[in-house]
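Tertiary structure, described
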Amino acid sequence: MSKASPRALITGITGQDGSYLAEFLLAKNYEVHGIIRRSSGFNTARLDHIYQDPHERKRRLHLHYGDLTDGSCLREILTRTKPDEVYNLGAQSHVRVSFDQPVYTVHTDALGTLMLLEAIRDTALPIRFYQASSSEMFGKAVETPQKESTPFHPRSPYACAKVYSYWQVINYREAYSMFACNGILFNHESPRRGETFVTRKVTRAATRIKVGLQDTLFLGNLEAKRDWGFAGDYVQAMWMMLQQDQPDDFVIATGETHSVQEWVELCFGILDLDWKKYVRTDPRYLRPAEVDVLLGDAAKARRALGWTPRVNIQELARMMIEHDLELAGQEKLIQTHSVRPRESR
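An account of the accompanying structure is given in this report. Being a predicted model, the structure only gives us computed values, none of them experimental. (Residues numbered from 1 in each chain as written. Predicted model: local features only at pLDDT ≥ 70, side-chain atom pairs only at ≥ 80, totals over all residues. Heavy atoms only, no water.)

Section: the overall build of the protein
Along the backbone of the protein there are 11 helices and 13 strands. Computed over its C-alpha atoms, the radius of gyration of the protein comes to 21 Å, within 12% of the 20 Å expected for a compact globule of 345 residues. Here the C-alpha coordinates of the protein stretch approximately 75 × 50 × 40 Å along the principal axes. For the protein, the residues scored as buried account for 52% of the 345 residues in total. Restricting the contact set of the protein to residue pairs at least 6 apart, pairs at least 24 apart contribute 80%. Surface accessibility of the protein: about 16700 Å² in total, with carbon and sulfur atoms responsible for 50%. Computed over 44 positive and 43 negative side-chain charges, the inter-centroid distance for the protein is 3 Å. (Helix = DSSP H or I, 4+ residues; strand = E, 2+ residues; numbered from the N terminus. Rg over C-alpha atoms; globule rule 2.2 N^0.38 Å. Buried < 20%, exposed > 50% of the residue type's maximum accessible area, 1.4 Å probe, protein only. Contact = heavy atoms within 4.5 Å. Areas by Shrake-Rupley, 256 points an atom, 1.4 Å probe, with all protein chains shown as cover. Lys, Arg positive; Asp, Glu negative; His and termini not counted. Charge placed at Lys NZ, Arg CZ, Asp CG, Glu CD.)

In structure tokens, the structure reads:
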């Protein structure tokens, strides 16, 4: 009799990380369940290619309506799906937006985590739990690079909510012997990154400028420095954490830091464009409290998990530029065909 496939439940499955994680787990023969919020439209574009897969992986991908702020719904989904692993990736994840919507951010990113942990505890299922923590928790960091022992100094409502969730995970691990891990992930990007996040905002604008659809890109702080990796690499680390004998917390990072300006120069350079002709700063995109430098030390993950990043920043930029250049070309073609010459009278 064949052994049943392991089963995973992912919150935030329609996001960048959720879609890459779903792909990764399906390739490992998991049965994957995802929670999506009910809305008037579909928000599953990042998963469409899975449903269109000729090998019919869609038979092992199941979506359920739910919300992190609805504890009874979470219990019902857990009871029905009985997952072996739960990956909590759902969040209001835009740092700048969290200043505009702090209460909503805290409800989702902090209390949502607590709701899910409580639901797992109440069902008494032997679940291994992964929490998506963030390098933003370090904020005004007291040391560089930042590692697991670096104290937190959050500088946004988003980061504060993530710190709350981080400590709740540790509390549930220690109080209830729950297998619960925090992955303190530094910035990770991809062609699936939301277009309001700075890396994707740059690649979308640069490619649209290249084909003549746009002439200016407005950005905030060009001096902010981040440790950028590839999301596809980072979801593998999430899975690795839940395969260990004992639960623990890990920093996941490349160990390199680059400024926003360096990212701009790199992306525009791939397209043979002089970024200074097109980029302008706009105070609207500045944070009320800035995080100047984030740089991660993933030595513990290398040692304990055997994880290392595979995609460097140059490869990441080229990957995103190539994807967005194709999008810009399609957009240009649609625009060209929609503008028809006026008939002579």
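A look at the pattern of salt bridges
Pairing is possible between side chains that carry opposite charge, provided their charged atoms lie close to one another. Summed over the entire model, instances satisfying the criterion amount to 19 salt bridges. For D249, the salt bridge identified is with R173, shortest N-O distance 2.9 Å. Taken together, the positions of D249 in the loop between α8 (231–241) and β11 (250–252) and R173 in helix α6 (residues 157–176) put the pair 76 residues apart, joining distant regions of the chain. For R173, a relative accessible area of 15% corresponds to the buried category. (Salt bridge = Lys/Arg side-chain N within 4 Å of Asp/Glu carboxyl O.)

Quick notes on the sheet that holds strand β4 (residues 85–88)
Spatially, β3-β2-β1-β4-β5-β6-β11 is the arrangement adopted by the seven strands of the open sheet, whose pairing is parallel. Edge positions in the open sheet fall to β3 (61–65) and β11, since each of these has one partner strand only. Ignoring strand direction, the axes of neighbouring strands in this sheet form an average angle of 20°. Pairing geometry for strand β1 (residues 7–11) and strand β2 (residues 31–36), over five bridges, is parallel. Across the sheet, the residue bridging to R7 is E31, located in β2. Here helix α1 (residues 16–27) sits on the sheet in contact with β1, β2, β3 and β4, set at roughly 175° to β1. Those strands touched by α6 are β5 (128–134) and β6 (179–185), and its axis lies near 150° from that of β6. (Pairing = 2+ DSSP bridges. Axes fitted to C-alpha atoms, helices over the stretch in contact; angles between N-to-C directions.)

With respect to the nonpolar core
Membership of the largest hydrophobic core comes to 62 residues, with the highest contact counts inside it found for L25, Y87 and F268. Ranked by the residues each element gives to this core, the list is headed by α8, at eight residues. Here L25 is in contact with A8, I10, Y30, V32, Y87 and W239, once residues within four sequence places are set aside. Grouped together as the second largest cluster of nonpolar side chains are 18 residues, L9, I35, C73 and I127 included. (Core = buried A, V, L, I, M, F, W, Y, C linked by side-chain atoms within 4.5 Å.)

Observations concerning the pairing of β4
Of the two faces of β4, both are covered, the one formed by E85 and Y87 as well as the one formed by V86 and N88. As paired strands, β1 and β4 are joined by four bridges and run parallel to one another. The partner of L9 across the bridge, within β4, is V86.

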